[in-house]
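Close look at the chain arrangement
One-letter residues, chain by chain:
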Amino acid sequence: MGIIIDGNKIAQEIRDSIRIEAATLKENKGIIPGLAVIMVGEDPASKVYVARKAKACMEAGFLSRQHKLPADTTEASLLQLINELNADSLIHGILVQLPLPKHISTDRVIAAIDPRKDVDGFHPYNIGSLLTGSPLFVPCTPRGIMEIISRTGISLPGKEAVVVGRSNIVGKPMALLLLAQHATVTICHSKTKDLAAVTSRADILIAAVGKPQMINADMVKKGAVVIDVGVNRLDNDKLVGDVAFAEVAKKASYITPVPGGVGPMTIAMLMKNTLDAATQLP
Ligand code: GUN
């Protein structure tokens, strides 16, 4: 039976030290880290995430501003708000909760954020710099996963890492971070032939597809580190990951549960990115 990684515990440790660092920053330099979160429309999952981000800010002693805009908000007025926040010296981080309504271009909105305030790490400047190795900000979920992996004590150089899923938010940045740590990285997706043959090679397996329990024990090498990014709600309202947890846990050396694995790390890393932004911005 593999070790179940307690994401809640790791995230809480990180948030505790961020609270102390934020207090020191306030005392020494009079700076209070400020995060603005913009949500357009009423996506139920987004509402939950935005509320959690605001609570995390409060607990860390950050300034938290929430902009909840109606679903019919125009792209022009959203861009205008971003411009105002770019110029606002009390705000160090700007996060636009995704997904956006269909009439708004996500690409144009993300590109409008000052890269120095892009605490999501989604701006083309930061994604491009991730490719070359020196981003201002790394996307929160992949950054949290790197933190989890480093705490397992497993060294990455030369290891086979397989990322299932190629989203801009998780799969692609995850692969780049693993590559930067000298893993041999494969990205799989819906068109991959014989997925099980590829995933079975993985020393580190990251599942980020959004398909409930699709990674089963036959697809996992004995002793693999298995990281589950999926958050899927079943018809019976139960929350499950992309990994069939019970059977895969028997083969893995380490595994993250859902809930309580990767999820809490994402918010902890958002706080870290915001603290970094407040420390770095002139
Ligand atoms: N929607 C789902 N995950 C994320 C995230 O990490 N950041 C933002 N802005 N929106 C999301």
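Scroll up to find the structure this text is about.
Residues numbered from 1 in each chain as written. Predicted model: local features only at pLDDT ≥ 70, side-chain atom pairs only at ≥ 80, totals over all residues. Heavy atoms only, no water.

**Focus on the sheet that holds strand S8 (residues 225–228)**
Worth spelling out the cut-off: We treat two strands as partners when DSSP finds at least two bridges between them. Secondary structure elements are taken from DSSP: a helix is a run of H or I of four residues or more, a strand is a run of E of two residues or more, and numbering for both begins at the N terminus. Every residue pair with non-hydrogen atoms within 4.5 Å of one another is taken to be in contact. Comment: axis = line fitted to C-alpha atoms, over the contacting stretch for helices; angle = value between 0 and 180 degrees taken between N-to-C directions.
Across the sheet, six strands lie side by side as S1-S11-S8-S7-S5-S6; this open sheet has parallel pairing. Both edges of this open sheet fall to strand S1 (3–4) and strand S6 (184–188), since each of them pairs with a single strand only. Note that S1 and strand S11 (residues 254–255) share two bridges and pair parallel. By the bridge assignment, isoleucine 3 is partnered in S11 with tyrosine 254. Here helix H7 (residues 171–180) sits on the sheet in contact with strand S5 (160–164), S6 and strand S7 (204–207), set at roughly 170 degrees to S5.

**Some words on the site of the ligand**
The following threshold applies: The criterion for a residue being near a molecule or strand is simple. One of its heavy atoms has to lie within 4 Å of it. N or O atoms closer than or at 3.5 Å make up a polar contact, with two conditions inside protein: a donor-capable atom paired with an acceptor-capable one, and, for residues adjacent in sequence, both atoms drawn from side chains. Per-residue and other accessible areas were derived by the Shrake-Rupley procedure at a 1.4 Å probe size, with only the shown protein chains allowed to occlude residues.
Leu95, Val96, Gln97, Leu98, Asp120 and Phe122 make up every residue found near the ligand. For the ligand, a nitrogen atom lies 3.4 Å from a polar atom in the side chain of glutamine 97. Leucine 98 is positioned with one of its backbone polar atoms (N or O) 3.0 Å from a nitrogen atom of the ligand. Calculation on the ligand without its partners gives an accessible area of 280 Å², and the protein chains cover 80% of this total.

**Side note on the pattern of salt bridges**
Pairs can form between side chains of opposite charge whenever their charged atoms are close. Using the following cut-off: The working definition used for a salt bridge is a side-chain nitrogen of Lys or Arg within 4 Å of a carboxyl oxygen of Asp or Glu. Partly exposed describes any residue whose relative accessible area lies between the buried limit of under 20% and the exposed limit of over 50%, with all areas from a 1.4 Å probe on protein chains only and scaled to the type maximum.
Evaluation of the coordinates by the stated rule reveals 14 salt bridges. Put simply, aspartate 16 and arginine 19 hold a salt bridge, and the shortest N to O gap is 3.3 Å. Of the two residues, aspartate 16 and arginine 19 both sit in helix H1 (residues 7–29), three residues apart, roughly one turn of that helix. A relative accessible area of 28% means that aspartate 16 is categorised as partly exposed. Take arginine 19: its relative accessible area is 38%, and that puts it in the partly exposed class. Residues arginine 143 and aspartate 276 are paired through a salt bridge, measuring 3.5 Å at the closest nitrogen-oxygen approach. Placement of the pair is arginine 143 in helix H6 (residues 140–152) and aspartate 276 in helix H10 (residues 262–280), with a sequence separation of 133 residues. Residue arginine 143 is classed as partly exposed on the basis of its relative accessible area, which comes to 22%. Given the relative accessible area of 18%, aspartate 276 is considered buried. Among the charged side chains, a salt-bridge network with shared partners connects Lys9, Glu13, Glu147 and Arg151.

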